[in-house]
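An overview of the molecular structure
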Amino acid sequence: MTANPPTGTLPAKHPRGIYTLFFTEMWERMSYYGMRALLILYMTALPVEGGMGLPDKVAAAIYGLYVCGVYLVALPGGWLADRLLSPRKAVLYGGIIIAAGHLCLAVPGNRTFFTGLLLVVMGTALLKPCASSLVGQLYPEGGARRDAGFTLFYMGVNVGGFLGPLICGWLGEKLDWHWGFAAAGVGMVAGVIQYALTQHHMGDAGVHPAHPSSTPKRHWMAVATAIALLMLVAGLALAGVLPIDPVRVAKYTSLVLGGMAVAWFAWAFAFAGLTGDEKKRLGVLAILFVASALFWSGFEQAGSSMNLFAERFTDRQMFGTEIPTGWFQSINPVFVILFAPVFSWLWLALARRGWFPSVATKFASGLLLLGLGFVVLQFAAQIALAQGKVLPVWLLGTYLLLTWGELALSPVGLSYVTKLAPARLTTQCMGIWFLATAMGNLLAGLLAGAATDHESSGAMPRVFLQVAITSGIGAVILALLARPFRKWTAGVS
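Here goes a summary of the coordinates provided. This one's a predicted model, so the numbers in the text were calculated from it and none came from an experiment. (Residues numbered from 1 in each chain as written. Predicted model: local features only at pLDDT ≥ 70, side-chain atom pairs only at ≥ 80, totals over all residues. Heavy atoms only, no water.)

With respect to the packing of helix H1 (residues 17-44) against helix H2 (residues 56-72)
To keep things clear, this is the line we draw: Between the N-to-C directions of two axes lies an angle of 0 to 180 degrees, each axis being a line fitted to C-alpha atoms and, for a helix, fitted only over the stretch in contact. Put simply, DSSP H or I for four residues or longer makes a helix, DSSP E for two residues or longer makes a strand, and each gets a number counted from the N terminus. Relative orientations are named as follows: roughly parallel for angles under 35 degrees, roughly antiparallel for angles over 145 degrees, roughly perpendicular for angles from 65 to 115 degrees, and oblique for any other angle. For a crossing to be left-handed, the near helix must be turned anticlockwise from the far one by less than a right angle; the clockwise case is right-handed. We call two residues in contact whenever any of their non-hydrogen atoms come within 4.5 Å of each other. Residues are grouped as follows: nonpolar covers Ala, Val, Leu, Ile, Met, Phe, Trp, Tyr, Cys and Pro; charged covers Asp, Glu, Lys and Arg; every other residue, Gly included, is treated as polar.
With their axes 8 Å apart at the nearest point, H1 and H2 run at an angle of 155° to one another. Considered as vectors, H1 and H2 are oriented roughly antiparallel to each other. Two packed elements cross with a definite hand, and for H1 against H2 that hand is right-handed. Together, Tyr32, Met35, Arg36, Leu39, Ile40, Met43 and Thr44 of H1 and Asp56, Ala59, Ala60, Ile62, Tyr63, Tyr66, Val67 and Val70 of H2 make up the contact between the two elements. Tallied by class, residues from the contact of H1 with H2 come to 12 nonpolar, one polar and two charged.

Here it is in structure tokens:
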């Protein structure tokens, strides 16, 4: 029997600070997804159309490196906030840097374009991991109220993801690419202003670093050195002194990231002093790492090859006018808002009937739905190549299946990392998990380049089918591993 808590122990209302973070995240996601909707379209557009005129392979590789970088830098950004700055300052400074990056993109020119992308990545390193941690600090009591707070925060993500492509896509495609990028910058400026004016509503949350450095001067010197080296390499590349082949860089980077993951897991199994049960659980995490990278390599086609498919092979005429290509990027957040409660209800309903899907089953379902989405897209690509542009319903169906796959797989990933990771390796396992997402995003760019290869007329349906088959095989393997997973993770709830 559970005792009733004293009156007033759990406030009925959410803390006012959650709305500060809601709007900060909404504006940040609006700027990110708005710019993302334009990115590959701008890079592949001809110079006479105001674009960069890059080959599809090169543009897709740059896109892959960019979205990879956004996730990869969350680790050093989180460390910087925990050790030297503080989450509150990191969000503010990160927002300012992101806004500067988008405004750089608004200025025509290749140098300002790449400088803008670099600044957005650097700003995201500070803002993205810290905003989520601040939400947790606003609800120290945990429980259902904290879950509701994160749900509210997640709604800000999807509202921003919905608005960004609509606003930036229309301005960029109908008026001028750089107007679209400027709109993303204005959105981020609005987010920074409202954060600065209302952050006092968060009380003491995130005011101080969680684990202050005992040698801050030395650490600041290391940070300054790293930034200086980054700026030096970037400056040499932009000046043409250091020629860079984005496709080759993307391929080598994918090998480096894969090698890092293999080396870390090998070290953990051999030298971390783990017990037999801990090694079994770490083995489960290693398999889920591969599954996660595989999923995101397909899912992130949304901003690359699927975006180009919408532009080149989809009939976008509606009500006597052609809708912007970028508007298709708003479909996923709408579906997330609509179906997230359905999936939440589904898991609870299944649990009440005595069948709670395991992590292997959920990951298998996510990969299977991803594969089915690309089966639909593969048929659409074949029809488009044979008969001309296809109706938008093909992309709608694909986005629906991909969103269902995301809802089946993504929410459980981070949760199981914290459950399965050995206690002394939890932080490192979290970093490895973000590495899987970064690697998947990078592979997505390489796959998109192969799918849009103009030298092969059947490249797009062939690559889409390849993604479908690979995802299907991954789903079957995970389904077969469901029972062993239960044994290896016994005692983990």
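Comments concerning the pattern of salt bridges
We count it as follows: Definition used for salt bridges: Asp or Glu carboxyl oxygen within 4 Å of a side-chain nitrogen of Lys or Arg. Each residue is assigned to one of three classes by its accessible area relative to the maximum for its type, calculated with a 1.4 Å probe on protein chains only: buried under 20%, partly exposed between the two thresholds, exposed over 50%.
Throughout the structure, instances matching the rule amount to six salt bridges. Residue Glu28 is joined to Arg29 by a salt bridge in which the shortest nitrogen-to-oxygen separation is 2.6 Å. The residues Glu28 and Arg29 share a single accessibility class, namely buried. As a salt-bridge pair, Arg312 and Glu311 come within 3.8 Å of each other at their nearest N and O atoms. The class for Glu311 is partly exposed, based on a relative accessible area of 24%. Each of Asp56, Glu311 and Arg312 takes part in one network of salt bridges that share partners.

Remarks on the environment of Cys168
With respect to the helices and strands, Cys168 occurs in helix H6 (residues 143-175). Take Cys168: its relative accessible area is 0%, and that puts it in the buried class. The sequence separation of Cys168 and Ala99 amounts to 69 residues, and the corresponding C-alpha distance is 14 Å. For Cys168, the residues in contact, after removing those within four places along its chain, are Met30, Gly34, Leu38, Gly180, Ala183 and Ala184.

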